[in-house]
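Fold and contact review
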Amino acid sequence: MTVLALDIGGTKFAVARVDADGTLLDRAEHPVGQAPTATLRGLVADFAGDGRTRRSLTGVGIGSAGPIDAAAGTVSPINIPRWRGYRLVAAVQRLVPGVPVTLAGDAQCMALGEWWRGGHDCGSLLAIAVSTGVGGGLVIDGRPWTGRTGNAGHIGHVIVDLDGEACVCGARGCLETIAAGPGMVRWALAQGWTLAPATGRPDARALAAAARSGAPVPLAAFQRAAGALATAILNTASVLDVRDVVIGGGVAAAGDLLLDPLRAAITARAGMPHLRDLRVSSTTLERDAGLYGAAALALLASGEPLRPTP
Ligand SMILES: [Zn+2]
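Below is a short write-up of the structure. (Residues numbered from 1 in each chain as written. Predicted model: local features only at pLDDT ≥ 70, side-chain atom pairs only at ≥ 80, totals over all residues. Heavy atoms only, no water.)

Looking at the environment of G119
In this fold, G119 is placed in the loop between α3 (106-117) and β8 (125-130). On the basis of relative accessibility, which here comes to 47%, the residue G119 falls in the partly exposed class. Along the backbone, G119 and T284 are 165 residues apart, and their C-alpha atoms lie at a distance of 7.7 Å. (Helix = DSSP H or I, 4+ residues; strand = E, 2+ residues; numbered from the N terminus. Buried < 20%, exposed > 50% of the residue type's maximum accessible area, 1.4 Å probe, protein only.)

Describing the environment of G66
Turning to its location among the elements, G66 is positioned in the loop between β4 (59-64) and β5 (68-69). Owing to a relative accessible area of 31%, G66 belongs among the partly exposed residues under this scheme. Sequence-distant contacts of G66, defined by excluding residues within four places in its chain, comprise S76, P77 and I78. (Contact = heavy atoms within 4.5 Å.)

Quick word on the coordination of the zinc ion
As a benchmark, a tetrahedral metal site with four donors has ideal angles of 109.5 degrees, while an octahedral site with six donors has ideal angles of 90 or 180 degrees. Donor atoms from the polypeptide that bind the zinc ion are H157 (ND1), C167 (SG), C169 (SG) and C174 (SG), placed at 2.0 to 2.3 Å. In primary-sequence terms, the residues that donate to the zinc ion follow H-x9-C-x1-C-x4-C. The exposure class assigned to C169 is partly exposed, which follows from its relative accessible area of 43%. (Donors = N, O, S within 2.8 Å, 3.2 Å for Na, K, Ca; no water.)

Dropping the structure here:
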């Protein structure tokens, strides 16, 4: 049994063929470019074959940057302006007729991929992608938990500061306003952090480099983001009773700079006994987590039982 996994990001598309025991048979990625639909068509044709060369696929799983509407099968990735309400599921179905196609959000696929192939050895898991936004996904008892509208897991919009900054979503004080890269940089600049113009743009990567060299404001920005993440994680875990939390995304690539204060804040603030042994770890699959998750989505849709494997 072989499925096709598609990871639709804002700047690149990745594709892989994956078999039922989770072996990634082959993989490719391509920048989205100016013609996203043609890029998609080319990648799928290369991997699924066409006509007589069609490889035997039992399903296609897609993880896409949001917003998505899983029920309608449409996506509107923020960084792909040509795709607004784009009928992605129907487009892929036309490319591989007769093969079932399943769609979920990219962070939901990250959660499913980490649960399946990330070696975390757990039944349930919360995954968080900390990047230019904060995304999240949930696996509960071995199934992706996508919710009524397909939007479950959006931990970036858990409110952590009642009087906080306005968020793009329309609410105030969301986790994303504090812990996403742009929010951290905005706060650091407001506290007086400066970057010599020759050093480049003041972005999350520059902030991490400055924190690593001991600059107090950048260090404080990471502490503040870690504190907000800890609050959102504790709130989520207190409702869902999950133990395992996996952190990925560009800002999380700062590693211990974020994870050390995050673990410390969780330990300091955890109340109820079931919150005291949360396990927070980095993504182990990194950029392939979404592909593994998309493959798992297709396998689950075909009725294949999945168990986490190391
Ligand atoms: Zn929000």
